[in-house]
There are 2 protein chains.
Amino acid sequence: MTDHRAPRYDKRTETIMRATLDLAREVGYAKLSIEAVAARAGVGKHTIYRRWPSKGLLFHDSLLTLNEPVLDYPDTGDIMADLRRQIHGTVDLLGTPPWGPLYQALVGEAQHDPAVAASLNERFIRPQEEKTLARLKAAQEQGQISPDFDLDLAMAILSGPLYFRFLITQEPVTHDYIDRILQALFDGMEPRP
Amino acid sequence: MTDHRAPRYDKRTETIMRATLDLAREVGYAKLSIEAVAARAGVGKHTIYRRWPSKGLLFHDSLLTLNEPVLDYPDTGDIMADLRRQIHGTVDLLGTPPWGPLYQALVGEAQHDPAVAASLNERFIRPQEEKTLARLKAAQEQGQISPDFDLDLAMAILSGPLYFRFLITQEPVTHDYIDRILQALFDGMEPRP
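What counts and what doesn't
- Residues numbered from 1 in each chain as written.
- Chains lettered and ligands numbered in written order.
- Predicted model: local features only at pLDDT ≥ 70, side-chain atom pairs only at ≥ 80, totals over all residues.
- Heavy atoms only, no water.
- Helix = DSSP H or I, 4+ residues; strand = E, 2+ residues; numbered from the N terminus.
- Buried < 20%, exposed > 50% of the residue type's maximum accessible area, 1.4 Å probe, protein only.
- Contact = heavy atoms within 4.5 Å.
- Areas by Shrake-Rupley, 256 points an atom, 1.4 Å probe, with all protein chains shown as cover.
- Lys, Arg positive; Asp, Glu negative; His and termini not counted.
- Charge placed at Lys NZ, Arg CZ, Asp CG, Glu CD.
- Domains from an automatic or database assignment.
- Buried area = accessible area lost by both parts, 1.4 Å probe.
- Salt bridge = Lys/Arg side-chain N within 4 Å of Asp/Glu carboxyl O.
- Polar contact = N/O pair within 3.5 Å; in protein donor to acceptor, adjacent residues only side chain to side chain.
- Nonpolar A, V, L, I, M, F, W, Y, C, P; charged D, E, K, R; others polar.

Under an unreviewed UniProt entry, the name given to chain A is TetR family transcriptional regulator, and the organism recorded is [Actinomadura] parvosata subsp. kistnae.

Each helix and strand in chain A was counted, giving 9 helices and 0 strands. Element order for chain A, N to C, with α for helix and β for strand: α-α-α-α-α-α-α-α-α. Oriented by its inertia axes, the alpha-carbon framework of chain A measures out at about 65 × 40 × 25 Å. Buried residues in chain A amount to 51% of all 193 residues. A separation threshold of at least 6 residues defines the contact pool for chain A, and within that pool the share at least 24 residues apart is 61%. Of the roughly 9,100 Å² of accessible surface on chain A, a fraction of 53% belongs to carbon and sulfur atoms. The positive charge centre, built from 22 side chains, and the negative charge centre, built from 27, are 8 Å apart in chain A.

Accessible area lost upon the coming together of the parts serves often as the stated size of an interface. Residues and elements named next belong to chain A. For chain A, the domain assignment lists domain 1 (11-54) and domain 2 (67-187). Taking the mean C-alpha position of each, domain 1 and domain 2 sit 27 Å from one another. Between domain 1 and domain 2 lies a buried interface of about 520 Å² when both sides are counted; carbon and sulfur atoms form 78% of it. Sorting the residues of domain 1 by area buried against domain 2 places L21, R25 and Y29 first, and these three jointly supply 88% of that buried surface. In this structure, the connection of domain 1 to domain 2 is made through 0 salt bridges. Counting every contact that joins domain 1 to domain 2 gives 0 residue pairs in polar contact (both at pLDDT 80 or more). Grouping the amino acids of the side of domain 1 that touches domain 2 by side-chain chemistry returns 3 nonpolar, 1 polar and 1 charged.

Here it is, written out as structure tokens:
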């Protein structure tokens, strides 16, 4: 997948985001500090705080901006293939150390801290939902998704089983698991006539 | 739903479990301590530790034992009605203060502490999965669930969208939401011929 967008960040902003991810990888999210990021990036703390009011927002922004292209949906005209490709890309990212544990730590914090939960939704879940809906809407118009399927539920139905495995049973989320889940969601639980 | 089982716990065990839940309700899970439970129940700490090696296990056990009947599946012969009733019961429990925030805190801890994650799965998720599979298997044998539906995925597919809302978007999980999710899962995303 090529990223055809023009770069949206100046060099200093990108340096700060790279320093954030490098440090998170080295010390983990819990021990990440804005002071350390500032030192690593060679900028003052106030430069960081001007753009990002908290460590959580800085981390989200860095994680998602630098990994954004992988989260886009391709549109080859085959909705099942495109969903597979996008979701495989997402779980490959989570399976690449240290992203899985870092994302898990963030979701864990979101259970205690409403600000982290709000940032998670604003910065990741809602944009992801918009992309998912746009791709599914096109597929629905092409007759590949049932006209009765309620697109408002799409994000929960497609992502829920992955989060269940990632957060609750904590087993590895494999490509095979994704493929089986997608097939089951497409077929439905009820017998077909 | 009546609980037809014989009581499995002696009076002292039940007193400890009730004290645990009362205290959790009063001070929250984070501030719950085995010392305080022992004092409230009028027993020694060692009495508690003999049965429950950690606060997490004591809390799980108390929460689930005293609320177990609501998590059973009825079998009226109508799988959709029975799933609705069981899942409505579960979310009603989570919607009754303080269970929702307490359960959310536990899942949050499970993202940082593998022992809590293991206990969550052993004490709650796997028994729940067994009940779900038994009920769905009967329905599959009666032709109410597609013979192609992979029962190994059932727990993730049925629970995932609820956890997604409970943990990620953190919107209220309503009966209406459950009904719409169940309908979408039964129908499937693909157009029916």
